[in-house]
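Here is how the chains run, residue by residue.
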Amino acid sequence: MPRQDKYERILDALQTLLENKNLQTISVSEIAQEAGIGKGSIYYYFSSKEAILEALVARSYEKPLETAKNLAGQQNISPFTRMAMIFQACRNISTEFLKSETQSAAGSSEKAFLHQKYISHIIQELKPVLAEIIRQGIAEGTIHFDRPEALAEIVLIVLAVKMDNSLTESPRDEIRDTIAGLVTLLEKGTGNPPGSLNFLNAI
């Protein structure tokens, strides 16, 4: 069996087990049995069950994150349009997260733990991408802000928490209002006139 196939089967096994069991009750032996491989093979690829979970989270959001990174790197597109692409990527990732939540049998405390893993992963992956877009906007003179990494993190935290709507569940109107408030703050914080970034609300 090719090595990459075993790696993917281990992730598939944990994903399947999470549909019916809590993470804390799942053992490495169960993951190996579900994957159809020996327990020792697990440790060739992963140091622990937590490492398998980290890899599963990364795989779950790999496609929308890769799309965001590829689109964001197109410097012929304006910084704010690329920022809108990040907004859309967060929405796509949120859809993936909510789908996995629906399928999971995890309790509320475990879902909170998995949610923290999700937020940490997308902020870690998208923060440098968004910060680079902001730096490019600063260089072009379309963005006026002296802390691109901080601004990128603030934007991503708001998007990650609000768009998946599971950490602090809110009505749709409230989510729209929060995103509109974020856009207003972006306009003021980056020196753009009121209403100039309203197109971000439609993403």
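Our subject is the structure that appears above.
Residues numbered from 1 in each chain as written. Predicted model: local features only at pLDDT ≥ 70, side-chain atom pairs only at ≥ 80, totals over all residues. Heavy atoms only, no water.

Caption draft 1: Quick look at the packing of aromatic side chains. Under the counting rule described, the total for this entry stands at 3 aromatic pairs. Between the aromatic rings of Y7 and Y45, the centroid separation amounts to 6.3 Å while the plane-to-plane angle is 65°, which identifies the pairing as edge-to-face. Taken together, the residues span a long stretch of sequence, with Y7 in helix α1 (residues 3-18) and Y45 in helix α3 (residues 39-45) at a distance of 38 residues. Using a relative accessible area of 25% as the deciding quantity, one classes Y7 as partly exposed. The partly exposed category is assigned to Y45, whose relative accessible area is 21%. (Phe/Tyr/Trp six-rings, centres within 6.5 Å; stacked < 30°, edge-to-face > 60°. Helix = DSSP H or I, 4+ residues; strand = E, 2+ residues; numbered from the N terminus. Buried < 20%, exposed > 50% of the residue type's maximum accessible area, 1.4 Å probe, protein only.)

Caption draft 2: Representation of the pattern of salt bridges. Scanning all chains against the criterion turns up 8 salt bridges. One salt bridge connects R59 with E8, and the closest N-O pair in it is separated by 2.6 Å. Of this pair, R59 sits in helix α4 (residues 49-60) while E8 sits in helix α1; the two residues are 51 residues apart in sequence, bridging distant segments of the chain. Here E8 falls in the partly exposed class, since its relative accessible area comes to 25%. E153 is the salt-bridge partner of K127, the closest N and O atoms lying 3.1 Å from each other. Placement of K127 in helix α7 (residues 108-140) and of E153 in helix α8 (residues 148-164) is noted, with a sequence separation of 26 residues between them. Note on K127: relative accessible area 23%, which makes it partly exposed. Within the structure, one salt-bridge network assembled from shared partners comprises E8, D12 and R59. (Salt bridge = Lys/Arg side-chain N within 4 Å of Asp/Glu carboxyl O.)

No statement about biological role is implied by the geometric values presented.
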